[in-house]
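Fold and geometry: a report
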Amino acid sequence: MPSGNDEQQRILRARAAALARVPEESGAEGDRIEIVEFSLASERYAIESAYIGAVHPLKELTPLPCTPSFVLGVINLRGQILSIIDLREFFDLPERGVSGLSKVIVLRSDSMEFGLLADAVIEARWIPRSTLRPALPTLTDVREEYLLGVTQERLVVLDGGRILSDRGFVVHEEV
Amino acid sequence: MLSNMKIGSRLLLGFGMVALLLVCVGALAIQKIVAVQERQQTFYEHPFTVSRTIEVVHTCISEINRNTKDALLAENARDREIALAQAEENNRKAHENLVLVRERFLGDKQIIDEIAKDLDTWEKRRERTGKLLRDNEKVKAVVWHREQSKGIIAKIENEINDISQFAMKKAAALNQESFEIKDQTVRFTYALLTVAVLLAIVIALYITRSITKPLATAVEVANKLAVGDISSEISETSQDETGQLLRSMERMLQQFRNMSELARQIAVGNLSVAIVPQSEKDVMGNALSAMANNLREMTREIIEGINVLTSSSSEIMASTNQVATGASETAAAVSETSSTMTEVRQTAQVSSQKARNVSDAAQNTVQVAQAGRRAVDESIAGMGRIQGQVAAIADSIVRLSEQSQTIGEIIATVNDLAEQSNLLAVNAAIEAARAGEQGKGFAVVAQEVKSLAEQSKEATSQVRTILNDIQKATNAAVLATEQGNRAVEEGVRQSQEAGEAIRQMGESIDESAQSALMISASSQQQLVGIDQVSLAMENIRQASEQNVTGMRQVELTVQGLHDLGQKLKGLVERYKI
């Protein structure tokens, strides 16, 4: 079975190359931040993990009536009621609805806690802060407002602190 | 004169004469019998009565005498008176009878008056006797009686006797007279009867003769006529019925002679005679007339027929010549046909051989067709098995597809697990970062978990790819099996059609084989038939030769027929129509 052997050889070689890769944290430790990368409407975003409590699969979403359209609803997370915000409303992204594979990224601060809707959570990784660049001029105002920076791989890193502190997310409406 | 009378009149005359004579005899006999009866009447009325009555008178006188004597001898008055009364009574009776005697007596009646006077006298004397007796003078009375009575009694008896004798004589005379009358009558009757018998015989003979003689003549003529002799001549003719008969026979003979003459004329061929029937009922005349007419007509037709015959026989002769020529040509043609038939026979033999070969080949073909049929049947059975196996394959593929589906679900689960592992890794990394320096090792674990999750995801991705390939292949296999199934069904249908076609072909071949067999048999029969035809042609050839010979004879015969027609023409010309 020479083809099978070739395949095995190729896989083994790829794994060897991955193990042989030099870790990137060789730079200064103070300059690194950990981000959690996620995808939303075919675009990839990331948030600094310091503002993230946890990530969870989106289950049993209960829509809330009489709320703004960016509030998708609430979920029960281990006995705690958590509101879910859809950032696509702000970023003018095309809506794809909510699937069973959707995830919730729980943003947490001392004064605020809510969940962000994500299509998929890709990974948590460390990046040097120096690789972050200022926002691109093509970005709209809102994203620019929440933007922390853009990595070399054009990954948009959002600023969790600003999102959490944005009073626009506080819903105080009466019907 | 007598011979001219009718037979009836003649018979009436003869019998009339005899009857007249018999009437005369009867009348005479009756007259004489009446005369005899008169004599007898006279005898009875006169002599017989007188004789009988005078005898009574005589008896009375005897009684008177006895009574008188009784009176004389009576002892008492009473007896005496009775006797006297009886005497008176007898006296009276004697007188009465005397009256009768006087009336009937044919002789001298004085004597009877004498007797009456004597009786009166005797009475007076008896009165005296009676007176004496009453006076009781009996003796005187007896004496008186004796003296006076005896004489007168004797006188009376004598007178009576005379009368009796006269009566007897008269009776004898009457008897004699009767006898004479009888004799006379008998004689006359005998004579007249004899005359009548003789006359009857004579008349009978004469009448018989007058009838039988002409009848004999008629019988003789009729007998001759019965044997066809019509030469008889009848000359004697009387005016009576026999004469009429003979005259009729003469007319009949004349008629026969006329008819015979006519028939003789017809016999010698003179058909132009005119035959006039005597009457409507003249059967023979009518028949002769019809016969002559028919003969005329027939002879005319015969003449026409003979004319036709002679002309026809001429034409027949000409035709016969042509026919004879034709028969010769026919004979030649038949000879050619015979030789042609021989060639045809050879051809038919070859054809029969070929037909037999074809028949054998057809039998082989039948066997081959049967083998083909069996092969097709087996092919159909094989197709059926293939169909079953294809169905089994389809089932297996469907199961495979279902199992692929299950695998897909399992992969989804695994993928889900990988996703959750990834989330766990992210959470772990977050927790590790939050733990700071203590969480560094945990961060490595989280990194490993993430790596595993990625590998799992990659593996599931590969499995999903493979599974997709499998599902595609499975779908393709399902489609292929479907198509295979349809192809097999088509194959089965086509095999069945092929089988049907081969079966029909086998039947056709069977029929062909049978036809070939029949053709073989037919060509065999044809061969035999052609042999027979050849034989028949030979016979025809001989027959046509005989035909030619026969036609020669027919020519001769027709010549004879022609001659016969000429002869008949000569014969018929003798008849005058």
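It should be emphasised that the depicted structure is a prediction, and the values quoted were computed from it without experimental measurement. (Residues numbered from 1 in each chain as written. Chains lettered and ligands numbered in written order. Predicted model: local features only at pLDDT ≥ 70, side-chain atom pairs only at ≥ 80, totals over all residues. Heavy atoms only, no water.)

1. Regarding the overall build of chain B
When you go through chain B residue by residue, the secondary structure sums to 7 helices and 0 strands. Listing every helix and strand of chain B by position from the N terminus yields α-α-α-α-α-α-α. Expressed as a percentage of the 577 residues in chain B, the buried residues total 29%. For chain B, the exposed surface amounts to about 35700 Å²; the carbon and sulfur share of it is 58%. (Helix = DSSP H or I, 4+ residues; strand = E, 2+ residues; numbered from the N terminus. Buried < 20%, exposed > 50% of the residue type's maximum accessible area, 1.4 Å probe, protein only. Areas by Shrake-Rupley, 256 points an atom, 1.4 Å probe, with all protein chains shown as cover.)

2. Remarks on the packing of helix α2 (residues 77-104) of chain B against helix α3 (residues 110-134) of chain B
Residue and element names in this part refer to chain B. The geometry of α2 relative to α3 is characterised by a closest axis approach of 11 Å and an angle of 170 degrees between their N-to-C directions. The angle between the axes of α2 and α3 places the two elements in the roughly antiparallel class. Between α2, through Arg80, Glu81, Leu84, Ala87, Glu88, Asn91, Ala94, His95, Leu98, Val101 and Arg102, and α3, the contact on the second element is made entirely by Ile112, Asp113, Ile115, Ala116, Leu119, Asp120, Glu123, Arg126, Gly130, Leu133 and Arg134. Its residues placed into classes, the contact of α2 with α3 shows 10 nonpolar, 3 polar and 9 charged. (Axes fitted to C-alpha atoms, helices over the stretch in contact; angles between N-to-C directions. Parallel < 35°, antiparallel > 145°, perpendicular 65-115°, else oblique. Contact = heavy atoms within 4.5 Å. Nonpolar A, V, L, I, M, F, W, Y, C, P; charged D, E, K, R; others polar.)

3. Quick word on the confidence of the model for chain B
The predicted model of chain B has a mean per-residue pLDDT of 85, with 99% of residues at 70 or higher. Across the predicted assembly, pTM comes out at 0.38 and ipTM at 0.75. (pLDDT = per-residue confidence, 0-100.)

4. Some words on the pattern of salt bridges
It is possible for side chains bearing opposite charge to pair when their charged atoms get close. Under the counting rule described, the total for this entry stands at 39 salt bridges over all chains. A salt bridge links Asp79(B) to Arg78(B); its shortest N-O distance comes to 3.9 Å. Judged by its relative accessible area of 58%, Arg78(B) is exposed. Here Glu137(B) ties to Lys140(B) by a salt bridge, and the two come within 3.0 Å at their closest N and O atoms. Overlapping salt bridges, with partners in common, bring together Glu37(A), Arg44(A), Glu123(A), Arg125(A), Glu153(A), Lys450(B) and Glu454(B) in one network. (Salt bridge = Lys/Arg side-chain N within 4 Å of Asp/Glu carboxyl O.)

5. Here we look at the sheet that holds strand β9 (residues 147-150) of chain A
Strand order in the open sheet made by the 5 strands is β8-β1-β2-β10-β9 (chain A), with mixed pairing throughout. With one partner strand each, in any of the chains shown, β8 (120-128) and β9 of chain A form the two edges of the open sheet. Going from strand to strand, the sheet's axes swing by 30 degrees on average, the running direction of each strand aside. As judged from the 6 bridges shared by strand β1 (residues 32-40) of chain A and strand β2 (residues 43-48) of chain A, these two strands associate in the antiparallel manner. Bridging across to β2(A), Val36(A) finds its partner in Ile47(A). Against the sheet, helix α6 (residues 283-435) of chain B contacts β1 and β8 of chain A, and its axis sits at roughly 35 degrees relative to β8(A). (Pairing = 2+ DSSP bridges.)

6. Overview of the side chain of Glu123(A)
Assignment of secondary structure puts Glu123(A) in strand β8. With relative accessibility at 13%, the residue Glu123(A) sits in the buried group. A polar contact is formed between the side chain of Glu123(A) and the side chain of Arg125(A), at a distance of 2.8 Å. In this structure the side chain of Glu123(A) is engaged in a polar contact, spanning 2.3 Å, whose partner is the side chain of Lys450(B). When neighbours within four sequence positions are excluded, Glu123(A) is seen to be in contact with Ile35(A), Val36(A), Glu37(A), Val426(B), Lys450(B) and Glu454(B). (Polar contact = N/O pair within 3.5 Å; in protein donor to acceptor, adjacent residues only side chain to side chain.)

7. Quick notes on the interface of chain B and chain A
Between chain B and chain A, the contact holds 13 residues from the first and 18 residues from the second. In total, chain B and chain A occlude about 1300 Å² of area from one another, counting both sides; carbon and sulfur atoms represent 52% of this. Contact with chain A buries area across many residues of chain B, yet Leu423(B), Val426(B) and Ile430(B) alone supply 33% of it, more than any other trio. At the junction of chain B with chain A, the criterion picks out 2 salt bridges. Taking the shortest distance from any N to any O, the salt bridge between Glu123(A) and Lys450(B) comes out at 2.3 Å. At the junction of chain B with chain A, the criterion picks out 6 residue pairs in polar contact (both at pLDDT 80 or more). Those elements giving two or more residues to the side of chain B that touches chain A turn out to be α6 and α7 (440-572) of chain B. Take the side of chain B that touches chain A: its biggest share by element is 10 residues, from α6(B). (Buried area = accessible area lost by both parts, 1.4 Å probe.)

8. A word on unusual backbone geometry
Phi is positive for Cys66(A), close to 60 degrees, though the residue is something other than glycine. Counting through the fold element by element, Cys66(A) comes out in the loop between β3 (52-57) and β4 (71-77). Phi angles above zero are rare outside glycine, and Asn136(B) is one such case at about 60 degrees. Looking at where Asn136(B) falls in the secondary structure, it is placed in the loop between α3 and α4 (138-226).

9. Some words on the packing of aromatic side chains
Residue and element names in this part refer to chain B. All chains considered together, the criterion is met by 4 aromatic pairs over all chains. Between Tyr44 and Phe48, the aromatic rings sit 5.5 Å apart at their centres with planes inclined by 25 degrees, giving stacked as the arrangement. In this pair, Tyr44 and Phe48 both sit in helix α1 (residues 7-73), 4 residues apart, roughly one turn of the helix. Judged by relative accessible area, Phe48 falls into the partly exposed class, the value being 37%. The side chain of Arg126 reaches across the aromatic face of Trp122, ending 4.6 Å from its centre. Between the NZ or CZ atom of Arg128 and the centre of the ring of Trp144, over which it lies, the distance is 5.1 Å. (Phe/Tyr/Trp six-rings, centres within 6.5 Å; stacked < 30°, edge-to-face > 60°. Lys NZ or Arg CZ within 6 Å of the ring centre and 35° of its normal.)

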